[in-house]
Amino acid sequence: MKRLAILGSTGSIGTQTLQIVERFPDRFSIEALTADSSWELLARQAKKFNAKFAALRNEKFLPLLEHALDGSGIKILSGEKGINHIAEIDSDMVIVALVGISG
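Residues numbered from 1 in each chain as written. Predicted model: local features only at pLDDT ≥ 70, side-chain atom pairs only at ≥ 80, totals over all residues. Heavy atoms only, no water.

1. Considerations on the nonpolar core
Here comes step 1: In this structure, Ile30, Leu33, Leu42, Ala46, Leu65 and Leu69 are the most contacted members of the largest nonpolar core, which totals 19 residues.
Here comes step 2: Excluding anything up to four places from it in sequence, alanine 46 contacts Leu33, Ala51, Ala54, Leu69 and Ile74.
Here comes step 3: Grouped together as the second largest cluster of nonpolar side chains are 9 residues, Leu77, Ile83, Ile86 and Ile89 included. (Core = buried A, V, L, I, M, F, W, Y, C linked by side-chain atoms within 4.5 Å. Buried < 20%, exposed > 50% of the residue type's maximum accessible area, 1.4 Å probe, protein only. Contact = heavy atoms within 4.5 Å.)

Take a look at the structure:
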C-alpha cells in the first residue's frame, strides 16, 4: 500500500487524486492533506480518508479547521511551515497539486 501526502487536496488535481484513492483503497492510504483556505472541504477529506495530518496555509481559517476536526485525532498544521512539514513527512509519494509558485 502506498502512503500519500497531497499538497493542494481541495483543488482540481487534488480532488481527482482522492477519487483514485477512493477507487483503490487496497492500494493507497492518505497520510496528509493540505489546502490554502478551503477548510471545510479539507476537514471532510481528512476525516473521510483518515489522514494523520491536515495543514491549512491561510491561518485566518485555522480556528474553524480546528473546531471541525476536534476529537478526530488528526494533527493540524498551518502556514507555510505546516505545508513544508507535510512535504517532508514519511510517505511513499507526495502529490504536489498546488497552484503557481506555491508548487
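2. A few points about the sheet that holds strand S4 (residues 75-78)
Two pairing modes exist for strands in a sheet, parallel and antiparallel, and in both the strands are linked by backbone hydrogen bonds.
Here comes step 1: Read from one edge of the open sheet, 5 strands run S4-S3-S2-S1-S5, paired in parallel fashion. Single-partner strands in this sheet number two, and they are S4 and strand S5 (93-96). Going across the sheet, the axis of each strand differs from the next one's by a mean of 20°, ignoring polarity.
Here comes step 2: Running over the sheet, helix H1 (residues 12-23) touches strand S1 (2-7), strand S2 (28-35) and S5 and is turned about 165° from S2.
Here comes step 3: In this fold helix H4 (residues 79-88) packs onto S1, S2, strand S3 (53-56), S4 and S5, with an angle of close to 125° to the strand it touches most, S4. (Pairing = 2+ DSSP bridges. Helix = DSSP H or I, 4+ residues; strand = E, 2+ residues; numbered from the N terminus. Axes fitted to C-alpha atoms, helices over the stretch in contact; angles between N-to-C directions.)

3. Examining the pattern of salt bridges
Here comes step 1: Evaluation of the coordinates by the stated rule reveals 6 salt bridges.
Here comes step 2: As a salt-bridge pair, aspartate 92 and arginine 3 come within 3.5 Å of each other at their nearest N and O atoms. Placement of the pair is aspartate 92 in the loop between H4 and S5 and arginine 3 in strand S1, with a sequence separation of 89 residues.
Here comes step 3: Overall, the relative accessible area of 24% leaves arginine 3 in the partly exposed class.
Here comes step 4: A salt bridge links arginine 57 to aspartate 36; the shortest N-O distance between them is 2.5 Å. You can see arginine 57 sitting in the loop between S3 and helix H3 (62-68) and its partner aspartate 36 sitting in the loop between S2 and helix H2 (39-48), a full 21 residues away along the chain.
Here comes step 5: Look at arginine 57 and you get partly exposed, because its relative accessible area is 34%.
Here comes step 6: When salt bridges with common partners are traced through the structure, they connect Arg3, Asp90 and Asp92 into a single cluster. (Salt bridge = Lys/Arg side-chain N within 4 Å of Asp/Glu carboxyl O.)

4. Re the environment of glutamine 19
Here comes step 1: Tracing the backbone through its elements, the reader meets glutamine 19 in helix H1.
Here comes step 2: Taking the C-alpha atoms as reference points, glutamine 19 and lysine 75, separated by 56 residues in sequence, lie 23 Å from one another.

5. What about the pairing of S1?
Here comes step 1: The pairing of S1 with S2 spans 6 bridges and is parallel. Each residue of the ladder has a partner; that of lysine 2, found in S2, is phenylalanine 28.
Here comes step 2: In terms of handedness, the path from S1 via H1 over to S2 forms a crossover that is right-handed.
Here comes step 3: Note that S1 and S5 share 4 bridges and pair parallel. (Right-handed = clockwise from strand over helix to strand, strands pointing away.)

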